[in-house]
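# Secondary and tertiary structure notes
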Amino acid sequence: MTENIRVGVLGARGRMGLEVCKAVDAADDLTLVSMIDQGEELFQASSAGAQVLVDFTNPDVVMDNLKWAIEQGISVVVGTSGFSDDRLAAVRGWLAAKPEVGVLIAPNFGIGAVLMMQFAARAARFFESVEIIEQHHPRKLDAPSGTAVHTARLIAEARAAAGSPPMPDATKEEQLGARGTDADGVRIHSIRASGLVAHQEVLFGTSGETLTIRHDSLDRSSFMPGVLLAVREVRKRPGLTLGLDALLEG
Ligand SMILES: NC(=O)C1=CN([C@@H]2O[C@H](COP(=O)(O)OP(=O)(O)OC[C@H]3O[C@@H](n4cnc5c(N)ncnc54)[C@H](OP(=O)(O)O)[C@@H]3O)[C@@H](O)[C@H]2O)C=CC1
Ligand SMILES: O=C(O)C1=N[C@H](C(=O)O)C[C@H](O)C1
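Remember, predicted model here, so these are calculated numbers, not experimental data. (Residues numbered from 1 in each chain as written. Chains lettered and ligands numbered in written order. Predicted model: local features only at pLDDT ≥ 70, side-chain atom pairs only at ≥ 80, totals over all residues. Heavy atoms only, no water.)

Now for the site of ligand 2. Every residue lining ligand 2 is accounted for by Ser81, Pro107, Asn108, His136, His137, Lys140, Ser145, Gly146, Thr147, Ala198 and Phe223. At 2.7 Å from an oxygen atom of ligand 2 is found a side-chain nitrogen or oxygen belonging to Lys140. Between ligand 2 and Gly146, the relevant distance is 2.8 Å, taken from an oxygen atom to a main-chain nitrogen or oxygen of the residue. When ligand 2 sits alone it has 320 Å² of accessible area, and the protein chains cover 84% of it. Residue composition of the shell around ligand 2, by class: 3 nonpolar, 7 polar and 1 charged. (Near = heavy atom within 4 Å. Polar contact = N/O pair within 3.5 Å; in protein donor to acceptor, adjacent residues only side chain to side chain. Areas by Shrake-Rupley, 256 points an atom, 1.4 Å probe, with all protein chains shown as cover. Nonpolar A, V, L, I, M, F, W, Y, C, P; charged D, E, K, R; others polar.)

Our next topic: a nonpolar patch on the surface. On the surface, a nonpolar cluster with roughly 300 Å² of combined accessible area is contributed by Ile111, Leu115, Phe119 and Leu248. Structurally, Phe119 can be placed in helix α5 (residues 111-123). (Patch = residues over 30% accessible without salt bridge, like charges linked within 9 Å, V, L, I, M, F, W, Y side chains within 5 Å. Salt bridge = Lys/Arg side-chain N within 4 Å of Asp/Glu carboxyl O. Helix = DSSP H or I, 4+ residues; strand = E, 2+ residues; numbered from the N terminus.)

The next thing to look at is empty space enclosed by the protein. Tallied over the full model, the rule gives 1 cavity of 30 Å³ or more. Computed from the structure, the largest cavity encloses a volume of approximately 70 Å³. Those elements that place two or more of their residues in the lining of the largest cavity are α5, β9 (198-206) and β10 (209-217). The element that contributes the greatest number of residues to the lining of the largest cavity is β9, accounting for 3 residues. Per-class residue counts for the lining of the largest cavity are 3 nonpolar, 8 polar and no charged. (1 Å grid on protein atoms, 1.4 Å probe; cavity = no way out; pocket = protein on both sides within 12 Å on 5 of 7 lines; lining within 4 Å. Points joined across faces, edges and corners; volume = space filled by probe spheres on them.)

Once that is clear, we can look at the site of ligand 1. Surveying the vicinity of ligand 1 reveals 21 residues, the closest of which are Arg15, Met16, Asp37, Ser81 and Phe109. Here Gln38 contributes a backbone N or O atom positioned 3.2 Å from a nitrogen atom of ligand 1. Within the backbone of Phe109, a nitrogen or oxygen atom sits 2.8 Å from an oxygen atom of ligand 1. Burial of ligand 1 by the protein amounts to 78% of the accessible area it has alone, namely 920 Å². Looking at the shell around ligand 1, its residues break down into 8 nonpolar, 9 polar and 4 charged.

Here the focus is the UniProt feature "binding site: (S)-2,3,4,5-tetrahydrodipicolinate" (unreviewed entry) in the chain. The positions UniProt marks with the feature "binding site: (S)-2,3,4,5-tetrahydrodipicolinate" (unreviewed entry) are His137, Gly146 and Thr147. Taken from the residues named earlier, the lining of the largest cavity is made up of Thr147. Examined against the element boundaries, His137 turns out to sit in the loop between β6 (129-136) and α6 (146-162). What makes His137 buried here is its relative accessible area of 10%. In contact with His137, other than residues within four places in its own chain, are Arg15, Arg192, Ala193, Leu196, Val197 and Arg220. (UniProt positions renumbered as here; feature names shortened; annotations may be inferred. Buried < 20%, exposed > 50% of the residue type's maximum accessible area, 1.4 Å probe, protein only. Contact = heavy atoms within 4.5 Å.)

To continue, consider helix α1 (residues 15-26). Taking 1.5 Å of rise per residue, 12 residues should cover 16 Å, and α1 covers 17 Å from first to last C-alpha, within 8% of that figure. Within α1 the residues assigned to the buried category are Met16, Gly17, Glu19, Val20, Cys21, Ala23 and Val24. On its buried face, α1 is in contact with β1 (5-10), β2 (30-36), β3 (52-55) and α7 (224-233). (Expected span 1.5 Å × (residues − 1).)

Turning our attention to the nonpolar core. Grouped together as the largest cluster of nonpolar side chains are 30 residues, with contacts concentrated most on Val20, Leu30, Val54, Val77, Phe109, Val227 and Val231. If you list the elements that add at least two residues to this core, you get β1, α1, β3 and α7. In this structure, Val231 is in contact with Ile5, Val7, Leu30, Val52, Val54 and Val77, ignoring residues within four places of it in sequence. (Core = buried A, V, L, I, M, F, W, Y, C linked by side-chain atoms within 4.5 Å.)

If you walk across this open sheet you meet the 5 strands as β7-β8-β6-β9-β10, and the pairing is mixed. Bordering the open sheet on either side are β7 (181-183) and β10, each of which pairs with just one other strand. Going from strand to strand, the sheet's axes swing by 25° on average, the running direction of each strand aside. Bridging between β9 and β10 involves 9 bridges; their strand directions are antiparallel. The partner of His199 across the bridge, within β10, is Asp216. (Pairing = 2+ DSSP bridges. Axes fitted to C-alpha atoms, helices over the stretch in contact; angles between N-to-C directions.)

This part covers the sheet that holds strand β11 (residues 239-242). Pairing is parallel in the open sheet, where 6 strands are placed in the order β2-β1-β3-β4-β5-β11. On the outer flanks of this sheet lie β2 and β11, each paired with one strand and no other. On average, each strand axis in the sheet is inclined to that of its neighbour by 20°, with strand direction left out of account. In this sheet, β11 lies alongside strand β5 (residues 102-105) in parallel orientation, the contact comprising 4 bridges.

The tally for this structure, following the rule as stated, stands at 15 salt bridges. Here Glu3 ties to Arg235 by a salt bridge, and the two come within 2.6 Å at their closest N and O atoms. Taken together, the positions of Glu3 in the segment before β1 and Arg235 in the loop between α7 and β11 put the pair 232 residues apart, joining distant regions of the chain. Residue classification places Glu3 among the partly exposed positions, given a relative accessible area of 43%.

Below, the structure is given as structure tokens:
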């Protein structure tokens, strides 16, 4: 018989949190035991016996939430953006003292988005140029998106491994922001507009051809299969897991 996992949601009244609560509630093998938002106490989750917490809050509070959960021995699935190398190192440090706890941090839980990043990494060595255009709803707090930053890193790693030369770009005079921001040597352009949810294009170019890899999340339900998969798997993977890729193998 499948074990029933007791789940708490942090950021439960937010756009993603509400969707996660609905998805957990609808899953036969998961029980929603705690819904916590701004101003509410984290200990409600431990009192309710949560075994896994899902965090969709914001970059200012996620580290405190993670530290607390790890200290309590509760595994965490994190969708909140803003994870720099320093932050990841801090999480690894906290986990060292609690080796049984699992933390899974994914820049994007959309299966299509994960594939878009994998395809972009695969294409990277074949093209001279690459730029990323990400588009989101205007209430998003951070720019560029975590997904775009992660994609840039994967592309930069693939280009470095292939010994790719610097990208051609003759720009000499630039108005601030006109060429986007530089992440690991890859330009990212961030668009914010009403009506959008979460979209990304990776535009590759080389002599005589371009390749565009595009992913669109048209509704936040797109993230739920990935979130639920992570909730079911995170306790089986002690330590820090980055991204959904390993869970989608085979
Ligand atoms: N990895 C992925 O696949 C995805 C990641 N995201 C990321 O998830 C995060 C949340 O996005 P979204 O749902 O759109 O944002 P929202 O602003 O809609 O939701 C965040 C919620 O967290 C609440 N909150 C703030 N502080 C705390 C706290 N200390 N404890 C508990 N709750 C708190 C907020 O309250 P208040 O509004 O009062 O501050 C708000 O209700 C962002 O970083 C976003 O980039 C989003 C979509 C997919
Ligand atoms: O804020 C959002 O909406 C999203 N945030 C994540 C990011 O920063 O990449 C994931 C997705 O793009 C939606």
